[in-house]
Amino acid sequence: MLTAEKMMMRGTAPCVSRAESTSTSSSLSAFHGRVASYKSHTSPSVAYLGRRRVRQHDHTGAPIAASRGRLSSFVVAVQAVEKTRNLGADLKDEFPILNQDVNSKKLVYLDNAATSQKPRAVLETMEKYYQGYNSNVHRGVHALSAKSTEMYENARQSVAKFINASSWREIVYCRNATEAINLVANTWGQENLKEGDEIVLSVMEHHSNLVPWQLLAQRNKCVLKFVQLDENEMLDMAHLRSLVTPRTKLVSLAHVSNTLGCLIPTDEVVSIAKAVGAKVLLDCCQSVPHMKVDVQALGADFIVASGHKMCAPTGIGFLWGKLEVLETMPPWMGGGEMIQDVDLEVSTYAGPPSRFEAGTPAIGEAIGLGAACEYLMALGMDNVHAYEQEIGDYLYQELSKVPNVRIFGPKPTVAGGRAALCSFHVEGVHANDISMILDQSGIAIRSGHHCTQPLHKALGVNATARASLYIYNTKEEVDVFVAALKETLAFFTDL
(Lines give C-alpha, C1' and ligand atoms only; values in the text may rest on other atoms or scores of the structure.)
Protein backbone atom coordinates (compact mmCIF):
# COMPACT_ATOMS: atom_id res chain seq x y z
CA MET A 1 0.00 0.00 0.00
CA LEU A 2 1.34 3.43 -0.91
CA THR A 3 1.12 5.85 1.99
CA ALA A 4 1.11 9.60 1.48
CA GLU A 5 4.76 9.65 2.51
CA LYS A 6 5.78 7.02 -0.04
CA MET A 7 3.83 8.64 -2.85
CA MET A 8 5.29 12.07 -2.23
CA MET A 9 8.85 10.81 -1.78
CA ARG A 10 8.70 8.69 -4.94
CA GLY A 11 7.19 11.55 -6.90
CA THR A 12 4.29 9.34 -7.95
CA ALA A 13 1.41 11.20 -6.35
CA PRO A 14 -1.36 11.11 -8.96
CA CYS A 15 -2.44 14.39 -10.49
CA VAL A 16 -5.57 15.73 -12.08
CA SER A 17 -6.10 16.80 -15.64
CA ARG A 18 -6.17 20.43 -16.70
CA ALA A 19 -9.92 20.32 -17.29
CA GLU A 20 -10.57 18.73 -13.89
CA SER A 21 -8.31 21.26 -12.22
CA THR A 22 -10.10 24.18 -13.83
CA SER A 23 -13.50 22.88 -12.69
CA THR A 24 -12.33 22.25 -9.13
CA SER A 25 -10.73 25.65 -8.65
CA SER A 26 -13.34 27.79 -10.43
CA SER A 27 -14.95 29.11 -7.25
CA LEU A 28 -11.57 29.90 -5.71
CA SER A 29 -10.49 31.61 -8.93
CA ALA A 30 -13.60 33.79 -8.91
CA PHE A 31 -12.95 34.71 -5.30
CA HIS A 32 -9.34 35.59 -6.00
CA GLY A 33 -10.46 37.88 -8.79
CA ARG A 34 -12.65 39.77 -6.34
CA VAL A 35 -9.80 39.94 -3.84
CA ALA A 36 -7.53 41.38 -6.53
CA SER A 37 -10.13 44.04 -7.28
CA TYR A 38 -10.52 44.83 -3.58
CA LYS A 39 -6.78 45.16 -3.06
CA SER A 40 -6.33 47.32 -6.14
CA HIS A 41 -8.78 49.80 -4.62
CA THR A 42 -7.17 49.79 -1.18
CA SER A 43 -3.63 50.50 -2.30
CA PRO A 44 -1.99 51.72 -5.51
CA SER A 45 1.00 49.48 -4.90
CA VAL A 46 -0.73 46.09 -4.94
CA ALA A 47 0.25 43.43 -7.44
CA TYR A 48 -2.00 40.38 -7.89
CA LEU A 49 -1.15 37.23 -9.76
CA GLY A 50 -3.30 34.10 -9.89
CA ARG A 51 -1.38 31.07 -11.07
CA ARG A 52 -2.40 27.42 -11.42
CA ARG A 53 0.11 24.72 -12.29
CA VAL A 54 -1.11 21.25 -13.18
CA ARG A 55 -0.05 18.04 -14.85
CA GLN A 56 -2.09 16.31 -17.53
CA HIS A 57 -2.66 12.59 -17.81
CA ASP A 58 -2.89 10.19 -20.70
CA HIS A 59 -5.70 7.63 -20.74
CA THR A 60 -3.79 5.42 -18.26
CA GLY A 61 -3.49 8.16 -15.69
CA ALA A 62 0.24 8.67 -16.25
CA PRO A 63 1.43 12.28 -16.22
CA ILE A 64 2.35 13.69 -19.63
CA ALA A 65 3.44 17.12 -18.45
CA ALA A 66 6.43 17.62 -16.20
CA SER A 67 5.13 20.34 -13.89
CA ARG A 68 4.91 19.25 -10.24
CA GLY A 69 3.21 22.40 -9.02
CA ARG A 70 0.27 22.34 -6.69
CA LEU A 71 -3.30 22.58 -7.83
CA SER A 72 -4.65 26.10 -7.32
CA SER A 73 -1.37 27.75 -6.32
CA PHE A 74 -2.38 31.36 -5.95
CA VAL A 75 0.27 33.99 -5.35
CA VAL A 76 -0.63 37.39 -3.95
CA ALA A 77 2.14 39.96 -3.64
CA VAL A 78 1.13 42.89 -1.48
CA GLN A 79 3.76 45.60 -1.09
CA ALA A 80 1.63 47.97 0.94
CA VAL A 81 -2.01 47.96 1.92
CA GLU A 82 -3.12 51.26 3.40
CA LYS A 83 -6.81 50.58 4.01
CA THR A 84 -8.64 47.55 5.34
CA ARG A 85 -11.79 49.07 6.77
CA ASN A 86 -14.10 47.80 4.01
CA LEU A 87 -12.97 44.18 4.18
CA GLY A 88 -15.98 42.91 6.15
CA ALA A 89 -18.56 44.46 3.86
CA ASP A 90 -16.70 43.32 0.75
CA LEU A 91 -16.49 39.71 1.93
CA LYS A 92 -19.96 39.23 3.36
CA ASP A 93 -21.46 38.01 0.10
CA GLU A 94 -18.82 35.27 -0.02
CA PHE A 95 -20.50 33.60 2.98
CA PRO A 96 -24.00 32.41 1.97
CA ILE A 97 -25.18 31.63 5.50
CA LEU A 98 -24.88 35.28 6.51
CA ASN A 99 -27.55 36.30 4.00
CA GLN A 100 -30.56 35.28 6.06
CA ASP A 101 -32.97 36.51 8.70
CA VAL A 102 -33.18 35.01 12.19
CA ASN A 103 -36.33 35.75 14.16
CA SER A 104 -37.33 38.19 11.39
CA LYS A 105 -34.11 40.15 11.87
CA LYS A 106 -31.02 40.20 9.68
CA LEU A 107 -28.48 37.76 11.09
CA VAL A 108 -25.56 39.31 12.94
CA TYR A 109 -23.13 36.47 13.61
CA LEU A 110 -20.73 37.27 16.46
CA ASP A 111 -19.83 33.76 17.62
CA ASN A 112 -16.66 33.29 15.59
CA ALA A 113 -14.42 32.17 18.43
CA ALA A 114 -16.65 29.09 18.65
CA THR A 115 -16.75 28.46 14.90
CA SER A 116 -16.42 30.52 11.75
CA GLN A 117 -18.73 30.48 8.76
CA LYS A 118 -17.60 29.00 5.44
CA PRO A 119 -17.01 30.93 2.21
CA ARG A 120 -18.55 29.85 -1.05
CA ALA A 121 -15.10 28.88 -2.36
CA VAL A 122 -14.73 26.25 0.38
CA LEU A 123 -18.31 24.99 0.10
CA GLU A 124 -18.08 24.54 -3.65
CA THR A 125 -14.69 22.86 -3.44
CA MET A 126 -16.13 20.26 -1.08
CA GLU A 127 -19.25 19.86 -3.21
CA LYS A 128 -17.06 19.15 -6.25
CA TYR A 129 -15.20 16.49 -4.28
CA TYR A 130 -18.35 14.62 -3.25
CA GLN A 131 -20.04 14.98 -6.63
CA GLY A 132 -17.04 14.50 -8.86
CA TYR A 133 -14.23 12.38 -7.43
CA ASN A 134 -15.18 10.92 -4.05
CA SER A 135 -12.85 7.96 -3.48
CA ASN A 136 -10.50 6.62 -0.85
CA VAL A 137 -6.97 8.01 -0.89
CA HIS A 138 -3.63 6.18 -1.18
CA ARG A 139 -5.47 2.93 -1.89
CA GLY A 140 -6.06 2.74 -5.60
CA VAL A 141 -4.71 3.54 -9.04
CA HIS A 142 -8.04 4.20 -10.73
CA ALA A 143 -8.87 7.73 -11.83
CA LEU A 144 -11.11 8.76 -8.93
CA SER A 145 -8.67 7.53 -6.31
CA ALA A 146 -5.80 9.25 -8.10
CA LYS A 147 -7.62 12.56 -8.20
CA SER A 148 -8.81 12.27 -4.60
CA THR A 149 -5.28 11.55 -3.42
CA GLU A 150 -3.86 14.46 -5.37
CA MET A 151 -6.34 16.94 -3.92
CA TYR A 152 -5.97 15.55 -0.40
CA GLU A 153 -2.19 15.90 -0.47
CA ASN A 154 -2.35 19.29 -2.19
CA ALA A 155 -4.43 20.42 0.79
CA ARG A 156 -1.69 19.30 3.17
CA GLN A 157 0.79 21.40 1.24
CA SER A 158 -1.60 24.37 1.43
CA VAL A 159 -1.65 24.04 5.23
CA ALA A 160 2.14 23.80 5.31
CA LYS A 161 2.45 26.94 3.20
CA PHE A 162 -0.14 28.77 5.29
CA ILE A 163 1.91 28.41 8.49
CA ASN A 164 5.31 28.36 6.73
CA ALA A 165 6.20 24.81 7.76
CA SER A 166 9.55 23.64 6.43
CA SER A 167 7.98 20.45 5.04
CA TRP A 168 4.57 18.99 4.27
CA ARG A 169 5.65 16.02 6.42
CA GLU A 170 5.28 18.25 9.49
CA ILE A 171 1.50 18.54 8.96
CA VAL A 172 -0.54 15.80 10.64
CA TYR A 173 -4.27 15.81 9.93
CA CYS A 174 -6.44 15.42 13.03
CA ARG A 175 -10.15 15.79 13.74
CA ASN A 176 -9.51 19.02 15.63
CA ALA A 177 -7.04 20.70 18.00
CA THR A 178 -8.29 18.57 20.89
CA GLU A 179 -7.28 15.38 19.10
CA ALA A 180 -3.97 16.95 18.14
CA ILE A 181 -3.10 17.73 21.77
CA ASN A 182 -4.16 14.25 22.84
CA LEU A 183 -1.93 12.82 20.12
CA VAL A 184 1.10 14.67 21.51
CA ALA A 185 0.23 13.74 25.09
CA ASN A 186 -0.17 10.05 24.26
CA THR A 187 2.96 9.76 22.09
CA TRP A 188 5.69 12.26 22.90
CA GLY A 189 4.33 12.87 26.39
CA GLN A 190 3.93 9.21 27.29
CA GLU A 191 7.46 8.43 26.11
CA ASN A 192 9.27 11.40 27.60
CA LEU A 193 7.48 12.56 30.76
CA LYS A 194 8.32 10.54 33.86
CA GLU A 195 7.58 10.72 37.56
CA GLY A 196 8.41 14.15 38.95
CA ASP A 197 8.70 15.83 35.54
CA GLU A 198 6.84 19.13 35.27
CA ILE A 199 4.23 20.34 32.79
CA VAL A 200 3.61 24.09 32.89
CA LEU A 201 0.14 25.25 31.82
CA SER A 202 -1.92 28.34 32.75
CA VAL A 203 -5.23 29.13 34.40
CA MET A 204 -6.60 30.50 31.12
CA GLU A 205 -6.26 27.28 29.11
CA HIS A 206 -9.09 25.72 27.16
CA HIS A 207 -10.11 22.36 28.63
CA SER A 208 -8.51 20.65 25.62
CA ASN A 209 -5.14 21.93 26.83
CA LEU A 210 -5.78 20.85 30.42
CA VAL A 211 -7.50 17.46 30.52
CA PRO A 212 -5.03 15.52 28.31
CA TRP A 213 -2.14 16.64 30.53
CA GLN A 214 -4.13 15.82 33.68
CA LEU A 215 -4.63 12.27 32.38
CA LEU A 216 -0.95 11.95 31.50
CA ALA A 217 0.11 13.33 34.88
CA GLN A 218 -2.08 10.79 36.65
CA ARG A 219 -0.58 7.91 34.67
CA ASN A 220 3.05 8.98 34.85
CA LYS A 221 3.00 10.86 38.17
CA CYS A 222 4.03 14.15 36.59
CA VAL A 223 3.67 17.54 38.28
CA LEU A 224 1.28 20.12 36.84
CA LYS A 225 2.01 23.82 37.37
CA PHE A 226 -0.25 26.73 36.42
CA VAL A 227 0.72 30.27 35.49
CA GLN A 228 -1.61 32.91 36.93
CA LEU A 229 -2.78 36.21 35.44
CA ASP A 230 -1.15 39.58 35.92
CA GLU A 231 -2.88 42.88 36.72
CA ASN A 232 -3.97 43.27 33.08
CA GLU A 233 -5.51 39.78 33.02
CA MET A 234 -2.77 38.53 30.76
CA LEU A 235 -0.25 35.74 31.26
CA ASP A 236 1.93 36.64 34.26
CA MET A 237 5.40 36.28 32.79
CA ALA A 238 7.16 36.77 36.11
CA HIS A 239 5.14 33.88 37.52
CA LEU A 240 6.00 31.75 34.49
CA ARG A 241 9.70 32.34 35.06
CA SER A 242 9.34 31.31 38.71
CA LEU A 243 7.56 28.06 37.79
CA VAL A 244 10.01 26.78 35.17
CA THR A 245 12.79 24.64 36.60
CA PRO A 246 15.26 22.05 35.30
CA ARG A 247 12.52 19.44 35.88
CA THR A 248 10.17 21.24 33.45
CA LYS A 249 9.78 19.16 30.31
CA LEU A 250 6.84 20.89 28.62
CA VAL A 251 5.28 24.36 28.49
CA SER A 252 1.84 24.19 26.82
CA LEU A 253 -0.10 27.44 26.45
CA ALA A 254 -2.80 29.14 24.40
CA HIS A 255 -1.27 31.49 21.85
CA VAL A 256 -4.39 33.67 22.18
CA SER A 257 -6.95 33.20 24.96
CA ASN A 258 -10.43 32.35 23.70
CA THR A 259 -11.93 34.16 26.72
CA LEU A 260 -9.55 37.01 27.59
CA GLY A 261 -8.42 37.75 24.06
CA CYS A 262 -4.83 38.27 25.22
CA LEU A 263 -1.83 37.28 23.10
CA ILE A 264 1.11 35.68 24.90
CA PRO A 265 4.68 36.89 24.19
CA THR A 266 5.85 33.75 22.41
CA ASP A 267 9.47 34.84 22.03
CA GLU A 268 9.79 35.20 25.78
CA VAL A 269 7.87 32.01 26.53
CA VAL A 270 10.03 29.97 24.15
CA SER A 271 13.23 31.50 25.55
CA ILE A 272 12.26 30.61 29.12
CA ALA A 273 11.35 27.05 28.15
CA LYS A 274 14.38 26.39 25.98
CA ALA A 275 16.71 27.61 28.72
CA VAL A 276 15.89 24.40 30.62
CA GLY A 277 15.48 22.17 27.56
CA ALA A 278 11.67 22.03 27.70
CA LYS A 279 9.42 21.57 24.68
CA VAL A 280 6.76 24.18 23.82
CA LEU A 281 3.26 23.48 22.51
CA LEU A 282 1.02 26.36 21.44
CA ASP A 283 -2.76 26.08 21.13
CA CYS A 284 -3.24 28.29 18.05
CA CYS A 285 -6.98 27.91 17.58
CA GLN A 286 -7.55 31.62 18.19
CA SER A 287 -4.43 32.87 16.40
CA VAL A 288 -4.03 30.90 13.15
CA PRO A 289 -7.38 32.12 11.72
CA HIS A 290 -6.71 35.76 12.59
CA MET A 291 -3.04 36.61 12.13
CA LYS A 292 0.07 35.45 10.34
CA VAL A 293 1.55 32.47 12.19
CA ASP A 294 5.02 31.45 11.02
CA VAL A 295 6.01 28.25 12.79
CA GLN A 296 9.65 28.61 11.79
CA ALA A 297 9.76 32.01 13.48
CA LEU A 298 7.70 31.01 16.55
CA GLY A 299 10.29 28.61 17.90
CA ALA A 300 7.71 26.22 19.36
CA ASP A 301 7.97 22.46 18.92
CA PHE A 302 4.25 21.86 18.32
CA ILE A 303 1.23 23.94 17.36
CA VAL A 304 -2.37 22.79 17.01
CA ALA A 305 -5.37 24.34 15.24
CA SER A 306 -8.96 23.48 14.28
CA GLY A 307 -10.18 24.00 10.73
CA HIS A 308 -13.71 25.01 11.65
CA LYS A 309 -12.49 28.24 13.23
CA MET A 310 -10.67 29.29 10.04
CA CYS A 311 -13.31 29.00 7.29
CA ALA A 312 -12.88 25.21 6.91
CA PRO A 313 -15.39 22.47 7.78
CA THR A 314 -15.77 20.75 11.13
CA GLY A 315 -14.06 17.41 11.71
CA ILE A 316 -10.63 18.52 10.46
CA GLY A 317 -7.68 20.21 12.13
CA PHE A 318 -3.96 19.73 12.25
CA LEU A 319 -0.91 19.20 14.37
CA TRP A 320 2.31 20.82 13.27
CA GLY A 321 5.46 19.46 14.84
CA LYS A 322 9.14 19.81 14.10
CA LEU A 323 10.00 16.89 11.87
CA GLU A 324 12.91 15.77 14.03
CA VAL A 325 10.51 15.56 16.99
CA LEU A 326 7.71 13.82 15.08
CA GLU A 327 10.15 11.17 13.87
CA THR A 328 10.91 10.16 17.47
CA MET A 329 7.24 9.74 18.42
CA PRO A 330 5.57 6.31 18.45
CA PRO A 331 2.17 5.71 16.84
CA TRP A 332 -0.94 6.45 18.82
CA MET A 333 -3.66 4.61 16.88
CA GLY A 334 -3.00 1.44 14.93
CA GLY A 335 -4.56 0.25 11.69
CA GLY A 336 -4.33 0.86 7.98
CA GLU A 337 -2.35 3.70 6.42
CA MET A 338 0.07 4.13 9.35
CA ILE A 339 2.08 0.99 8.67
CA GLN A 340 5.13 0.08 6.67
CA ASP A 341 4.83 -3.73 6.84
CA VAL A 342 2.50 -5.98 8.82
CA ASP A 343 3.11 -9.54 9.97
CA LEU A 344 0.94 -11.58 12.27
CA GLU A 345 2.90 -10.77 15.40
CA VAL A 346 4.73 -7.53 14.66
CA SER A 347 4.45 -4.48 12.41
CA THR A 348 6.70 -1.66 11.31
CA TYR A 349 5.39 1.86 10.91
CA ALA A 350 5.40 4.58 8.32
CA GLY A 351 7.18 7.85 8.91
CA PRO A 352 5.40 11.11 9.72
CA PRO A 353 2.75 12.16 8.96
CA SER A 354 1.26 8.80 7.92
CA ARG A 355 2.35 7.20 11.20
CA PHE A 356 -0.25 9.30 13.03
CA GLU A 357 -3.11 9.01 10.51
CA ALA A 358 -4.54 5.52 10.94
CA GLY A 359 -7.57 4.52 8.90
CA THR A 360 -9.58 6.31 6.25
CA PRO A 361 -9.19 10.05 6.84
CA ALA A 362 -11.68 12.90 6.55
CA ILE A 363 -10.87 13.40 2.88
CA GLY A 364 -13.49 15.96 1.88
CA GLU A 365 -12.89 17.92 5.07
CA ALA A 366 -9.12 17.98 4.47
CA ILE A 367 -9.68 19.25 0.94
CA GLY A 368 -11.96 21.92 2.42
CA LEU A 369 -9.21 22.89 4.87
CA GLY A 370 -6.80 23.32 2.00
CA ALA A 371 -9.29 25.54 0.17
CA ALA A 372 -9.74 27.63 3.33
CA CYS A 373 -5.98 28.13 3.63
CA GLU A 374 -5.81 29.26 0.00
CA TYR A 375 -8.73 31.62 0.63
CA LEU A 376 -7.07 33.24 3.64
CA MET A 377 -3.67 33.43 1.96
CA ALA A 378 -5.27 35.29 -0.94
CA LEU A 379 -6.67 37.85 1.49
CA GLY A 380 -3.28 38.16 3.15
CA MET A 381 -3.09 37.43 6.85
CA ASP A 382 -1.51 40.81 7.57
CA ASN A 383 -4.62 42.39 6.03
CA VAL A 384 -6.88 40.09 8.05
CA HIS A 385 -5.09 40.97 11.28
CA ALA A 386 -5.10 44.71 10.58
CA TYR A 387 -8.82 44.70 9.85
CA GLU A 388 -9.64 42.64 12.92
CA GLN A 389 -7.55 44.94 15.10
CA GLU A 390 -9.61 47.86 13.83
CA ILE A 391 -13.04 46.34 14.36
CA GLY A 392 -11.91 44.57 17.55
CA ASP A 393 -10.80 47.87 19.09
CA TYR A 394 -14.12 49.38 18.03
CA LEU A 395 -16.03 46.54 19.69
CA TYR A 396 -14.11 47.04 22.95
CA GLN A 397 -14.58 50.81 22.80
CA GLU A 398 -18.33 50.69 22.21
CA LEU A 399 -18.99 47.84 24.65
CA SER A 400 -17.05 49.72 27.34
CA LYS A 401 -19.59 52.52 27.12
CA VAL A 402 -22.46 50.27 28.18
CA PRO A 403 -23.23 50.76 31.91
CA ASN A 404 -22.51 47.86 34.29
CA VAL A 405 -20.62 45.83 31.68
CA ARG A 406 -17.32 44.32 32.85
CA ILE A 407 -15.05 43.23 29.97
CA PHE A 408 -12.37 40.69 30.84
CA GLY A 409 -8.83 40.74 29.51
CA PRO A 410 -6.41 43.54 28.65
CA LYS A 411 -7.32 46.88 27.16
CA PRO A 412 -6.42 47.25 23.48
CA THR A 413 -3.85 49.88 24.45
CA VAL A 414 -1.84 47.47 26.62
CA ALA A 415 1.36 46.14 25.02
CA GLY A 416 0.44 43.04 23.04
CA GLY A 417 -3.12 44.27 22.49
CA ARG A 418 -6.03 41.88 22.31
CA ALA A 419 -7.92 39.75 19.82
CA ALA A 420 -11.21 40.82 18.23
CA LEU A 421 -13.38 39.33 20.96
CA CYS A 422 -14.88 40.50 24.23
CA SER A 423 -16.05 38.27 27.06
CA PHE A 424 -18.13 40.27 29.50
CA HIS A 425 -20.22 40.01 32.64
CA VAL A 426 -23.16 42.05 33.86
CA GLU A 427 -23.83 41.86 37.58
CA GLY A 428 -27.27 40.37 38.27
CA VAL A 429 -27.89 39.18 34.71
CA HIS A 430 -26.89 35.69 33.58
CA ALA A 431 -24.95 35.41 30.34
CA ASN A 432 -27.41 32.85 28.98
CA ASP A 433 -30.29 35.29 29.44
CA ILE A 434 -28.37 38.00 27.58
CA SER A 435 -27.62 35.63 24.72
CA MET A 436 -31.22 34.39 24.54
CA ILE A 437 -32.69 37.89 24.34
CA LEU A 438 -30.13 39.01 21.75
CA ASP A 439 -31.04 36.00 19.64
CA GLN A 440 -34.55 37.42 19.35
CA SER A 441 -32.92 40.32 17.50
CA GLY A 442 -31.02 38.00 15.19
CA ILE A 443 -27.72 38.45 17.03
CA ALA A 444 -25.64 35.34 17.75
CA ILE A 445 -23.16 35.49 20.62
CA ARG A 446 -21.79 32.75 22.90
CA SER A 447 -22.62 32.37 26.59
CA GLY A 448 -21.23 30.05 29.25
CA HIS A 449 -17.72 29.21 30.39
CA HIS A 450 -16.27 28.73 26.86
CA CYS A 451 -14.47 25.56 27.99
CA THR A 452 -12.44 27.63 30.45
CA GLN A 453 -14.01 26.76 33.79
CA PRO A 454 -10.81 27.24 35.85
CA LEU A 455 -10.37 30.71 34.34
CA HIS A 456 -13.94 31.70 35.17
CA LYS A 457 -13.39 30.54 38.74
CA ALA A 458 -10.24 32.68 38.90
CA LEU A 459 -12.23 35.64 37.56
CA GLY A 460 -14.97 35.06 40.14
CA VAL A 461 -17.84 34.48 37.71
CA ASN A 462 -19.75 31.38 36.65
CA ALA A 463 -20.24 32.44 33.04
CA THR A 464 -19.60 35.23 30.58
CA ALA A 465 -21.18 36.42 27.36
CA ARG A 466 -18.78 36.61 24.44
CA ALA A 467 -18.95 38.54 21.19
CA SER A 468 -16.22 37.53 18.74
CA LEU A 469 -15.54 38.96 15.30
CA TYR A 470 -14.10 37.72 12.03
CA ILE A 471 -13.26 38.94 8.54
CA TYR A 472 -16.89 39.35 7.44
CA ASN A 473 -18.08 41.40 10.41
CA THR A 474 -18.45 45.18 10.26
CA LYS A 475 -18.60 48.17 12.56
CA GLU A 476 -22.25 48.52 11.65
CA GLU A 477 -22.88 45.05 13.09
CA VAL A 478 -21.05 46.06 16.26
CA ASP A 479 -23.39 49.04 16.51
CA VAL A 480 -26.44 46.78 16.08
CA PHE A 481 -25.11 44.45 18.79
CA VAL A 482 -24.38 47.22 21.28
CA ALA A 483 -27.75 48.88 20.75
CA ALA A 484 -29.55 45.56 21.23
CA LEU A 485 -27.47 44.83 24.33
CA LYS A 486 -28.50 48.15 25.87
CA GLU A 487 -32.15 47.32 25.21
CA THR A 488 -31.66 43.84 26.67
CA LEU A 489 -30.09 45.15 29.87
CA ALA A 490 -32.83 47.78 30.15
CA PHE A 491 -35.39 44.98 29.91
CA PHE A 492 -33.83 43.15 32.87
CA THR A 493 -33.47 46.40 34.84
CA ASP A 494 -37.20 47.06 34.48
CA LEU A 495 -38.22 43.62 35.75
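Owing to the predicted nature of the structure, the values given are computational and were not obtained by experimental measurement.

Engineer: Hey, could you run me through the overall build of the protein in this one?
Structural biologist: On a plain count of helices and strands, the protein comes out with 17 helices and 19 strands. Looking at the 495 residues of the protein, the share that counts as buried comes to 56%. Relative to all contacts within the protein whose residues are 6 or more apart in sequence, the contacts with residues 24 or more apart total 72%. Of the roughly 20000 Å² of accessible surface on the protein, 51% is carried by carbon and sulfur atoms.

Engineer: Whenever I open this one, the pairing of strand S11 (residues 302-306) confuses me. Can you help?
Structural biologist: The two faces of the sheet receive side chains in turn, since in a regular strand these alternate between them. Where burial is concerned, most of S11 is hidden: 5 out of the 5 residues are buried. The alternating pattern of S11 places Phe302, Val304 and Ser306 and Ile303 and Ala305 on opposite faces, both of which are buried. Relative to strand S12 (residues 317-321), S11 runs antiparallel, the two being bridged by 5 bridges. Along S12, the bridge assignment pairs Phe302 with Gly321.

Engineer: Just to check I follow, could you spell out the sheet that holds strand S9 (residues 248-254) for this structure?
Structural biologist: Within a sheet, each strand pairs with its neighbour through backbone hydrogen bonds, oriented either parallel or antiparallel. The sheet built from 7 strands is open, its strands ordered S6-S12-S11-S10-S9-S7-S8 with mixed pairing. Strands at the two margins of the open sheet, each flanked by one partner only, are strand S6 (171-174) and strand S8 (223-227). In this sheet, adjacent strand axes meet at a mean angle of 20° when their direction is disregarded. By the bridge criterion, 3 bridges tie strand S10 (residues 279-283) to S11 in an arrangement that is parallel. Considered in S11, the bridge of Asp283 is made with Val304.

Engineer: Just checking my understanding: could you explain the environment of Tyr349 for this structure?
Structural biologist: Structurally, Tyr349 is set in strand S14 (residues 347-349). Taking C-alpha positions, Tyr349 is 4.1 Å from Ile339, a pair spaced 10 residues apart along the chain. Sequence-distant contacts of Tyr349, defined by excluding residues within four places in its chain, comprise Pro331, Met338, Ile339, Gln340 and Arg355.

Engineer: I would appreciate a short explanation of the pattern of salt bridges in the present structure.
Structural biologist: Side-chain pairs of opposite charge can arise where the charged atoms are in close proximity. Within this structure, the stated rule accounts for 17 salt bridges. Of the charged contacts in the structure, one is a salt bridge between Glu268 and Arg241, with a shortest N-O distance of 2.0 Å. Residue Glu268 is located in helix H10 (residues 266-274), and its partner Arg241 is located in helix H9 (residues 237-243); the two are separated by 27 residues in the primary sequence. For Arg241, a relative accessible area of 42% gives the class partly exposed.

Engineer: Can you help me understand the state of the cysteines in this one?
Structural biologist: Think of a disulfide as a covalent bridge from one cysteine sulfur atom to another cysteine sulfur atom. One pass over the structure, following the stated rule, counts 0 disulfides. Cys285 supplies the cysteine sulfur nearest to Cys284, a cysteine that is in no disulfide, at a spacing of 8.0 Å.

Engineer: Just to check I follow, could you spell out the packing of aromatic side chains for this structure?
Structural biologist: Remark: the centre distance and the inter-plane angle together describe each pair of aromatic rings, the angle taken between the planes. The final tally for this structure, using the stated rule, is 9 aromatic pairs. Here the aromatic rings of Phe424 and Phe481 are separated by 6.3 Å at their centres, their planes lie at 55°, and the arrangement is tilted. Here the residue Phe424 occupies a position in strand S16 (residues 421-426), and Phe481 occupies one in helix H17 (residues 475-493), the gap between them amounting to 57 residues. Overall, Phe481 belongs to the buried group, its relative accessible area being 0%.

The rules behind the values
- Residues numbered from 1 in each chain as written.
- Predicted model: local features only at pLDDT ≥ 70, side-chain atom pairs only at ≥ 80, totals over all residues.
- Heavy atoms only, no water.
- Helix = DSSP H or I, 4+ residues; strand = E, 2+ residues; numbered from the N terminus.
- Buried < 20%, exposed > 50% of the residue type's maximum accessible area, 1.4 Å probe, protein only.
- Contact = heavy atoms within 4.5 Å.
- Areas by Shrake-Rupley, 256 points an atom, 1.4 Å probe, with all protein chains shown as cover.
- Pairing = 2+ DSSP bridges.
- Axes fitted to C-alpha atoms, helices over the stretch in contact; angles between N-to-C directions.
- Salt bridge = Lys/Arg side-chain N within 4 Å of Asp/Glu carboxyl O.
- Disulfide = S-S within 2.5 Å.
- Phe/Tyr/Trp six-rings, centres within 6.5 Å; stacked < 30°, edge-to-face > 60°.

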